[in-house]
Amino acid sequence: MKKSAYRHLSGVFLLNKPIGMSSNGALQKVRRLFNAQKAGHTGALDPLATGLLPICLGEATKFSHYLLDSTKRYQTTVKLGQTTTTGDIEGEVLQQRTVPLLTRESIEQVLAQFRGDIQQVPPMYSALKREGRPLYELARQGIEIERAARPVTIYDLTLVSFTEDSLTLDVTCSKGTYIRVLGEEIGEALGCGGHLTYLHRIQTGHFEINPDYTLEYLESLSQEQRDALLLPVYAPVEHFPRVQLPEGREKYFGNGQESNIDHEAVAEVLVFDGERCLGLAEITDKKRLVPKRLLNL
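Numbers given for residues are sequential positions, taken from 1 along each chain in its written order. Local features in this predicted model are restricted to residues of pLDDT 70 or higher, and side-chain atom pairs are both shown and tallied only at a pLDDT of 80 or more, whereas totals for entire chains, interfaces and linings draw on every residue. With hydrogens and water stripped out, all remaining heavy atoms of the structure feed into the side-chain values.

*Asks:* Go over the pairing of strand β3 (residues 50–57), please, and point to the residues and values.
*Replies:* Side-chain direction in a regular strand flips from residue to residue, so the side chains alternate between the two faces of the sheet. Counting buried positions along β3 gives 8 out of 8 residues, so the element sits mostly inside the fold. By definition, two strands form a pair when at least two bridges between them are found by DSSP. Helix and strand assignments follow DSSP, with helices taken as H or I runs no shorter than four residues and strands as E runs no shorter than two, numbered in order from the N terminus. Bridging between strand β1 (residues 11–17) and β3 involves 7 bridges; their strand directions are antiparallel. Bridging across to β3, Gly11 finds its partner in Leu57. One ladder, built from 2 bridges, connects β3 with strand β12 (residues 194–204); its direction is parallel. Following the sheet pairing, Thr50 is matched in β12 by His200. Buried means the residue's accessible area, taken with a 1.4 Å probe over protein chains only, is under 20% of the maximum for its type, while exposed means over 50%, and partly exposed covers the values in between.

And the structure:
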């Protein structure tokens, strides 16, 4: 499609990403289906992973970093007794070990070690960059470099079910958490190692997955029907406080100029002119409305 054919369309679509597709591939597919000129996703999922991938179109990309930084929730299955090069089912098997007799009590004792604030070393098979090169490119060449541990938070870690050689878990975690690493470390703590065979994201920030919102479903709809599925441009930050712009100040706000406003100090507010969202602003303790992020709708 020629660039001129794309639309200046803004909104958020909550894609249920399929297995085997990269996040960027899914993003480009959604962008073409909506004929949107600009698009961005809000936190990559590995090709192995499925589930919620919020796609921001147009002006909504100005809010995408709020979702990148948000809490995520996953369902995952850890295969015990095998470690792999990638920490998931796509890698080559490195080691096989005997899985101990599992009980709910023994598993819960291990899981307790991983709840709360923990340190995690990012995997080599990740998109993190070193001197401009993604680590996974180095890993594919057999190169391993030292990575510093970094803090992450596991807000909830629930054992859904288990078999003699697998665990199914429900994980709610902070940004920057690698579920593959968590699965590997739980396997090590059980004394047998492990790797992921399934990873499904069900929540990003305040957004929850709609299983029906697949690429196949989008393809079956008309353009008008697709557009009706879009959430408002400000959906990533719809939980922020809202204020109405003082009368007659729309032009000034759009030019990035401050205004007086009778409101308590707030670090971030959504600014509306009637029903139309104009962007984000700060209200200072001197009752000044300071534009921070403007929308061009």
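*Asks:* An account of the environment of Glu282 is needed here, citing residue identities and associated values.
*Replies:* Mapped onto the elements, Glu282 comes out in strand β17 (residues 276–283). For Glu282, a relative accessible area of 32% translates into the label partly exposed. With 24 residues separating them in the primary sequence, Glu282 and Glu258 have C-alpha atoms 9.7 Å apart. Residues count as neighbours in contact if any of their non-hydrogen atoms are within 4.5 Å of one another. With residues near it in sequence (within four places) discarded, Glu282 still touches Val266, Ala267, Arg288, Leu289, Val290 and Lys292.

*Asks:* Can you break down the environment of Met21 residue by residue, with the values?
*Replies:* Mapped onto the fold, Met21 is located in the loop between β1 and α1 (23–34). Owing to a relative accessible area of 25%, Met21 belongs among the partly exposed residues under this scheme. Sequence separation of Met21 and Leu48 is 27 residues, and the distance between their C-alpha atoms is 7.7 Å. With near-sequence residues (within four places) excluded, Met21 lies in contact with Ala26, Asp46, Pro47 and Leu215.

*Asks:* Break down the domain arrangement of the protein chain for me, citing the residues and quoting the values.
*Replies:* These domain limits were set by an automatic method or by a database of domain assignments. Here the domain parsing of the protein chain yields domain 1 (11–69 + 207–235), domain 2 (72–204) and domain 3 (240–294). Of the residues lining the interface, 6 residues belong to domain 1; the matching set on domain 3 comes to 9 residues. As a working definition, buried area equals the accessible area (1.4 Å probe) given up by two parts on being put together, with both sides summed. For the pair domain 1 and domain 3, the summed buried surface comes to about 640 Å²; carbon and sulfur atoms form 65% of the total. Whenever a carboxyl oxygen of Asp or Glu lies within 4 Å of a side-chain nitrogen of Lys or Arg, that contact is scored as a salt bridge. Our count for the domain 1 to domain 3 interface comes out at 0 salt bridges. By the criterion applied in these results, polar contacts are pairs of N or O atoms within 3.5 Å in which, for protein atoms, one can donate a hydrogen and the other can accept it, and in which residues neighboring in sequence qualify only through two side-chain atoms. On inspection of domain 1 and its partner domain 3, the count reaches 3 residue pairs in polar contact (both at pLDDT 80 or more). Gly counts as polar in this scheme, as do all residues outside two lists: the nonpolar Ala, Val, Leu, Ile, Met, Phe, Trp, Tyr, Cys and Pro, and the charged Asp, Glu, Lys and Arg. Here the residues of the side of domain 1 that touches domain 3 sort into 3 nonpolar, 1 polar and 2 charged.

*Asks:* Before we move on, can you summarise helix α5 (residues 179–189) with the specific residues and values?
*Replies:* Regarding α5, the residues found buried are Ile179, Arg180, Val181, Leu182, Gly183, Ile186 and Gly187. Next to the buried residues of α5 lie β4 (72–80), α3 (104–111), β7 (116–120), β10 (150–162), β11 (166–173) and β12. Among the residues trailing α5, Gly191 stands out with phi positive, at a value near 90°.

*Asks:* Please set out the nonpolar core residue by residue, giving values where relevant.
*Replies:* Core analysis: the biggest nonpolar cluster contains 44 residues, and Phe13, Phe34, Leu157, Leu167, Leu169 and Ile186 have the highest contact counts within it. No other element matches the 5 residues that α1 contributes to this core. Residue-level mapping places this core at the junction of two domains, with at least three residues from each of domain 1 (11–69 + 207–235) and domain 2 (72–204). The residues touching Phe34, leaving out its near neighbours within four places in the chain, are Arg7, Leu9, Phe13, Leu57, Leu218, Gln223, Arg226, Asp227 and Leu230. Listed in part, the 20 residues of the second largest apolar core include Cys56, Phe240, Leu270 and Phe272. In these notes, a set of buried Ala, Val, Leu, Ile, Met, Phe, Trp, Tyr and Cys residues joined through side-chain atoms within 4.5 Å is what counts as a nonpolar core.

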